[in-house]
Structure formats: C-alpha cells, structure tokens
Amino acid sequence: METTRKHIVVLVPLPLQGHLTPMLQLGSILHSKGFSIVVAHSEFRPPNPKNHPEFIFQPLSDNLSGFQATIGNLLDLIAAINSNSGALLEEYMVQLIEDQKLQGNQVACIIHDGLLFFVDSVATHLKIPGIVLRPSLAAFMQSYHYILQLHAQNLIPFPESRLLEPIPELYPLRFKDLPDKITFEIRKQLLDYFISSVNINSSVAIIWNTTDSLEHSALLQLQQHYKVPFFPIGPLHKIAAATSTSFLEEDQSCISWLDKQAPNSVLYISLGSIAIVDEKELTETAWGLANSGIPFLWVIRPDYVNGSPLEIVKALVGERGLIVKWAPQREVLAHKAVGGFWSHCGWNSVMESICEGVPMICRPYFGDQPVNTRYLTSVWKVGLEMESVLDRGSIERTIKRLMVDVEGKEIRQRMLAMKEKLEGGLQKGGSSYESLNDLTQFITSFSA
Ligand code: UDX
C-alpha cells in the first residue's frame, strides 16, 4: 500500500447502517483534510469500496457469516464482533504500522464506533491514540449514565406507574424516554452493554455527530464526566461528500415520481434500517395514509414486516403513493415535493430531516429513538408524536395536522429556523466548523 498522505487514520465502524454511515462520512471529511483513510471493517456486511475509491479497505474476518441481524439480536452481534475481532485488528495494525514506517508515513490514530469496545485495548496495546465516534445525540449517552445510576441504587425494575414522571437531571426526558426496558430486571448482557457503552477506557477524545448549538448543556455535563477533548462536529452528512453509504440498493425511481408531485405535498415514511412492524401496524398505516388523501413515498424494506400483508397495502396505496424497498433518503428529503417525514427518529434521519427543513411525525421504537423524539416534539417543537394507539384514525389525524393544518405550517417554520441554526454552525466561526479544525489539529499533533 502506498500513500503520499503522511498521516493515516484507521476507522473501525460497526456494520449497522445508522453507525456505518456517520463513520464513512467522518472518513470522507478527514480525507478532505489531507489524512489517508483505512477502514478496518467486519466481513459481515462490508461497506462498498466502490463508493469510496479514496479509502483503503481491510476486512477483518469475524466468523459471522450467515448471521441474520434483527432487532432481537443486536446485542449478540455487537458482543460477537467485540470478542472475535481484537486479535485480527491487532495483527493487521502491526503490519500496517511497519509498512507505513518504511514509506515515511505514520498511523496517527484509530477512530472507532463507541460500541466496538475491543478497539480500545488494541490501541492501548500498540500505543496508538484511540478516539471514539458517538453517532447519537449526546443526551442519549446521558440517559445511559442515568440508567446505571438507577441500577446502582436498586431502582430497576422501575414501576410502570412512574413512567410519565420527569427526570429533573435529564430535562426534558421522562422515565418512559429512557432507552430499553427499565421496567424489567436488567439482564447481565444488557448491563454489561450499558457499562461498556459509557466507558471510554483509555480513548483520548470523543467525536460527536451533533452540534454545540443543539446540545450545549448535555455536552457540558458529559464533558465533566469524561475529561477528554470533545469534538461535536455534526451534522457529518452536510460536511462529507454526498456518496452513497447504503447496504441496500437505493431505488432512484422515486426521484422521478417526486418530480411529478406538487411542492411540499408528499409525506415520506421510513423507519430506518432496523425497526420492524407487525401486520396490524402495517395495514392500519396503509388505511390511515389512504384515508388522509395525502400523497406519500413509503420505504418498506424486505425485512420490514412480520407476516405478508403487502398485497392489501399495495391495493390501498393506489395511484397516490409509491412504495420502494430503500430510498436515496438524503436526496428524497432535499426534494421540494417532500413536505413531511414520518420517521422512527434514528439520529441520522433526524439530522437529515432538520438539515432539509422537513417537519416530522415521530414514531420511535427503541434505543435512542424515544430520546430523540422527546427533543423533537417538546424542546425544538419541530415534530408531532404519533398517538400511542396506532390505528387508522389516529394516523389520519396526525398526518393532516402536519401536512394540512396551520399547526403543521408553524412546525415547518420552526424546522426551517433550526435548519438555519445548524447551517450557521458549519460556516467559518460556527461551532462545528471550529470544532472540526480543532479535531484536525488534534489528530495531526499525534504524529508531529
Ligand atoms: C440505528 C438506530 O436505530 C438509530 O436510532 C441510531 O441513532 C443509529 O443506529 P437506523 O435505525 O438505521 O440506525 O436509523 P438512522 O440513524 O436514521 O439511520 C438510517 C440511515 O439510513 C440514514 O442515514 C438514512 O438516510 C438511511 N436510509 C434510510 C436510506 O438511505 N434509505 C432509506 O430508505 C432509509
């Protein structure tokens, strides 16, 4: 391997869409700053090297062939990668460091997904600085810290009757917004996961795909805990080159369909790469959409639904809607025909929607999604939460509130103001812009 770029950054992504995308975007950004990028990735769901000819890709065989990632076994996937990949990464890194030394280059640091805990010990062992990338809202990490506090105080399982109570330390979150199952006994696997997730071991910095303007106080509080430099440089997708990072093929036909629709008239529906729905939810959604009279573009992934009611859905969709298996989402949200986004509120989708000024309907499923929803609906007030009983009536009502009513117009105005705020952060002198410059200098300083 030859490179004229002297400083090499090794990226280690988690092979889940919502985690891989921001890592590759970070790679593009650092490449544009003059670093050479090596992506050491799982053999399971590898990234597509053709989309990034400027990177060097190194697969790490992780014995996961045949693994079917589902919402139910994500912790198993994360645990398997963490236990299978350490020795391979270390072996590869030793070789890389040696090869590069001969060419007068230096491996500056390893940047890894915050859930790939094994990378930290490899970096420590080889005396290379390790940096964590957090692809979520900073407030979400605060909620992990809080769950561990509850656990230490023997307050889990938490009574369902208190779920709507606010948590003063985590305003605006309520107990019900905390990620995953505080009303149950925490299994050992989940507890270990929470502990490892908040722990950055010997990593020397944290990069956040968020901005100081959105999360000043959450970042400040976390900074007191971690005591390493923070680089909130988001939204990454607005700084990185617009290259596809999708595992699934993007169906471009939806763009020509959108071209034929009136401005702001279409509701875009996507629940990201992991969330699934049951047959009832799918058919109620189809009825609600049909009854609302609003045109829609709906992403139904091949693994999106338990059961097979797709025929009913297609019949209901008729002329007014289009269903695709996977969309070029950033292009869709930037299209002038799209007036609303019904989302599971994964953090990438949230940032992408804000950056295009598209108001949201929020229907969170797991993980950070309830936290993101709470911020969207009650702090920034740029989204409506879908009523908890999801039937065709509530769906129709919520869609009309966003797409037709005055309330929706006000929400759109607030979303446009938020878009401007984020854009401001990316301009010279803005918080993300400056933070990225600081990060560049920080990484360069390791191999000075
Ligand atoms: C997961 C978690 O669910 C999410 O809550 C967390 O913040 C990150 O990891 P995911 O569910 O896939 O991610 O959601 P999200 O973060 O929104 O990422 C999905 C990505 O896939 C987005 O970048 C989106 O643009 C892209 N996408 C989605 C497409 O390109 N096309 C589609 O049709 C749907």
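Quick note: structure is the one above.
Basis of the calculations
Residues numbered from 1 in each chain as written. Predicted model: local features only at pLDDT ≥ 70, side-chain atom pairs only at ≥ 80, totals over all residues. Helix = DSSP H or I, 4+ residues; strand = E, 2+ residues; numbered from the N terminus. Rg over C-alpha atoms; globule rule 2.2 N^0.38 Å. Buried ≥ 20, exposed ≤ 12 C-beta atoms within 10 Å, placed from the backbone. Contact = placed C-beta atoms within 7 Å. Pairing = 2+ DSSP bridges. Axes fitted to C-alpha atoms, helices over the stretch in contact; angles between N-to-C directions. Near = placed C-beta within 6 Å. Nonpolar A, V, L, I, M, F, W, Y, C, P; charged D, E, K, R; others polar.

Engineer: Honestly, the overall build of the protein in this entry has me stumped. Any pointers?
Structural biologist: When helices and strands are counted, the protein shows 17 helices and 15 strands. A compact globule built from 448 residues would reach a C-alpha radius of gyration of about 22 Å, and the protein, at 22 Å, matches this within 12%. Dimensions of the protein, computed from C-alpha atoms along their principal axes, come out at roughly 65 × 55 × 50 Å. By residue count, 45% of the 448 residues in the protein fall in the buried class. Contacts in the protein between residues far apart in sequence, at least 24 positions, make up 70% of those at least 6 positions apart.

Engineer: Can you help me understand the sheet that holds strand 2 (residues 36-42) in this one?
Structural biologist: Two modes of strand pairing occur in sheets, parallel and antiparallel, and in both the strands are linked by backbone hydrogen bonds. Spatially, 3-2-1-4-5-6-7 is the arrangement adopted by the seven strands of the open sheet, whose pairing is parallel. Strands with a single pairing partner mark the edges of an open sheet, and in this sheet they are strand 3 (56-60) and strand 7 (230-232). Across the sheet, the mean angle from the axis of one strand to that of its neighbour is 25 degrees, orientation sign disregarded.

Engineer: Can you help me understand the site of the ligand in this one?
Structural biologist: Taken together, 26 residues are adjacent to the ligand, and Gly 18, Gly 272, Gln 329, Gly 346 and Ser 349 come closest. Listing elements by their share of the shell around the ligand, those giving two or more residues are helix 1 (17-32), helix 12 (329-334) and helix 13 (347-355). Among the residues making up the shell around the ligand, the classes are represented as eight nonpolar, 15 polar and three charged.

Engineer: Please explain the environment of Trp 257 as it appears in this structure.
Structural biologist: One can find Trp 257 in helix 9 (residues 253-259). What makes Trp 257 partly exposed here is the crowd of 17 C-beta atoms within 10 Å. Along the backbone, Trp 257 and Leu 297 are 40 residues apart, and their C-alpha atoms lie at a distance of 9.1 Å.

Engineer: Please clarify how the environment of Ile 399 should be interpreted in this entry.
Structural biologist: With respect to the helices, strands and loops of the structure, Ile 399 is situated in helix 15 (residues 392-403). Leave out the neighbours within four places in its chain, and Ile 399 touches Leu 267, Gly 288, Ser 292 and Ile 294.

Engineer: How should I be thinking about unusual backbone geometry in this particular structure?
Structural biologist: With glycine set apart, most residues show a phi of negative sign, and most peptide bonds adopt trans. Pro 157 follows Ile 156 through a cis peptide bond whose omega is 10 degrees. Its place among the elements puts Pro 157 in the loop between helix 5 (138-152) and helix 6 (188-198). Residue Pro 172 follows Tyr 171 across a cis peptide bond; omega there is 10 degrees. As for its placement among the helices and strands, Pro 172 is situated in the loop between helix 5 and helix 6. Its identity as a non-glycine residue notwithstanding, Cys 345 has a phi of 70 degrees, on the positive side.

By themselves, these observations are geometric and do not establish any function.
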